[in-house]
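Per-entry structural report
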Amino acid sequence: MSEQPPVDEVAAPTAPDPADDAGPSLVIDIQGVTKVFNPGRANQVDALAEIDLAVAPGEFVTLIGPSGCGKSTLLRLIASLVAPTSGSVLVNAKPAEQARLDRDYGMAFQTAGLFDWRSVVKNIELPLELMGWSKSDRRRRATEMLELVKLGEFAGHHPSELSGGMQQRVAIARALAFRPSLLLMDEPFGALDEMTREHMQDELLRIWTETGTTLVFVTHSIPEAVYLSTRVVVMSPRPGRIAATIPVDLGERSAATRDDPAFFAKVTEVRTALREEEA
Ligand code: ADP
Ligand code: MG
């Protein structure tokens, strides 16, 4: 043991102790954010108030709450598609706008938003094309992403030839084309039938594990939130606030998870938190 260097010489400088300084190690750091649409006008909407949210690398955080409570607005603030009225939004320790310009995140929505006049592989290539990637580089990356979502054989198909679930997998592949450290998803499985939806949840968890991407996911479904997440953020409306944060510690998910009493207990916990907000 005497040949071992002292511990403080071994410590890698690139691996700071998270307890040391939480700031730079966060993927998302939202502090004191409010969002008012149309301020001072008759149609003013206080969409968000007093939002503090920190997301660490590798987390899978789900936002849940009644329609109109500001879930999409919160996601759009992280994406720098809307600006906060007050407060700060940092993504990868930089202003959200810089993170957008740096393509630090990918985004997916309820509708896949694919172009049917382009083949599947060319849909995934589109953002890379817009960024001026060479033909061979973008084809290589798009093919890799198609393999990731297990649609390699469908590269030459057109989106309308695919099922709804497959189209969403193409949209996820496209969102991951820049290998972002963060994936933002707004009710991506909301339009799918129940069986397809459960299959997509497993696919998303596999992709999350394989890529190490941090995920922020919006849903209306309590079981979906519990099944997917490491943490469920319950929001309340008028104005949208974070009402509760519920850690979900169910380990690796499998078919058995959905029948696990611990799973039902978490579903009940989230449902109770949502009801308390309605009351
Ligand atoms: P959720 O996704 O939880 O259903 P949203 O974030 O879409 O809720 O909306 C929150 C509130 O903000 C709603 O009252 C909605 O009408 C309002 N809102 C959202 N976007 C805009 C906008 N661009 N202009 C005005 N009001 C908006
Ligand atoms: Mg929404």
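What counts and how
Residues numbered from 1 in each chain as written. Chains lettered and ligands numbered in written order. Predicted model: local features only at pLDDT ≥ 70, side-chain atom pairs only at ≥ 80, totals over all residues. Heavy atoms only, no water. Helix = DSSP H or I, 4+ residues; strand = E, 2+ residues; numbered from the N terminus. Expected span 1.5 Å × (residues − 1). Buried < 20%, exposed > 50% of the residue type's maximum accessible area, 1.4 Å probe, protein only. Arc of directions from axis to C-beta. Contact = heavy atoms within 4.5 Å. Core = buried A, V, L, I, M, F, W, Y, C linked by side-chain atoms within 4.5 Å. Domains from an automatic or database assignment. Pairing = 2+ DSSP bridges. Axes fitted to C-alpha atoms, helices over the stretch in contact; angles between N-to-C directions. Buried area = accessible area lost by both parts, 1.4 Å probe. Salt bridge = Lys/Arg side-chain N within 4 Å of Asp/Glu carboxyl O. Polar contact = N/O pair within 3.5 Å; in protein donor to acceptor, adjacent residues only side chain to side chain.

On to helix α5 (residues 135-148), then. The end-to-end C-alpha distance of α5, which contains 14 residues, comes to 20 Å, matching closely the 20 Å that a straight helix rising 1.5 Å per residue would cover. When α5 is considered as a whole, its buried residues turn out to be R138, R141, A142, M145, L146 and L148. Projected onto a plane normal to the axis of α5, the buried residues spread over an arc of 150° and lie on a single side. Its buried side turned inward, α5 meets α4 (120-130), α6 (164-175) and α7 (194-211). Two residues or fewer past α5, K150 is found with a positive phi of approximately 60°.

Counting residues in hydrophobic clusters, the biggest one holds 50 residues, and the most contacted among them are I124 and V270. Residue contributions to this core peak at six residues, all from α6. Three or more residues apiece are contributed to this core by two domains, here domain 1 (23-104 + 180-279) and domain 2 (112-179). Setting aside anything within four residues of it in sequence, one finds V270 in contact with I64, I222, V226, V232, V234 and I246.

It is worth spelling out the sheet that holds strand β10 (residues 241-247) at this point. An order of β6-β7-β8-β3-β9-β10 is seen for the six strands of this open sheet, with the pairing classed as mixed. Edge strands, defined here as strands with exactly one partner in the open sheet, are β6 (105-108) and β10. Going across the sheet, the axis of each strand differs from the next one's by a mean of 15°, ignoring polarity. Pairing geometry for strand β7 (residues 182-186) and strand β8 (residues 214-219), over five bridges, is parallel. Bridging across to β8, L184 finds its partner in V216.

Many authors give the size of an interface as the accessible area that is lost as the parts come together. Domains assigned within the protein are domain 1 (23-104 + 180-279) and domain 2 (112-179). Averaged C-alpha coordinates put domain 1 and domain 2 at centres separated by 25 Å. Across the contact, 17 residues belong to domain 1 and 13 residues belong to domain 2. Buried area between domain 1 and domain 2, both sides added, is near 1,300 Å², and the carbon and sulfur share of it is 72%. Three residues, R103, P180 and I207, lead the burial of domain 1 against domain 2; their summed loss comes to 39% of the area buried on that side. Taken together, the connections running from domain 1 to domain 2 amount to zero salt bridges. Summed over the shared surface of domain 1 and domain 2, the number is two residue pairs in polar contact (both at pLDDT 80 or more). Those elements giving two or more residues to the side of domain 1 that touches domain 2 turn out to be β7 and α7.

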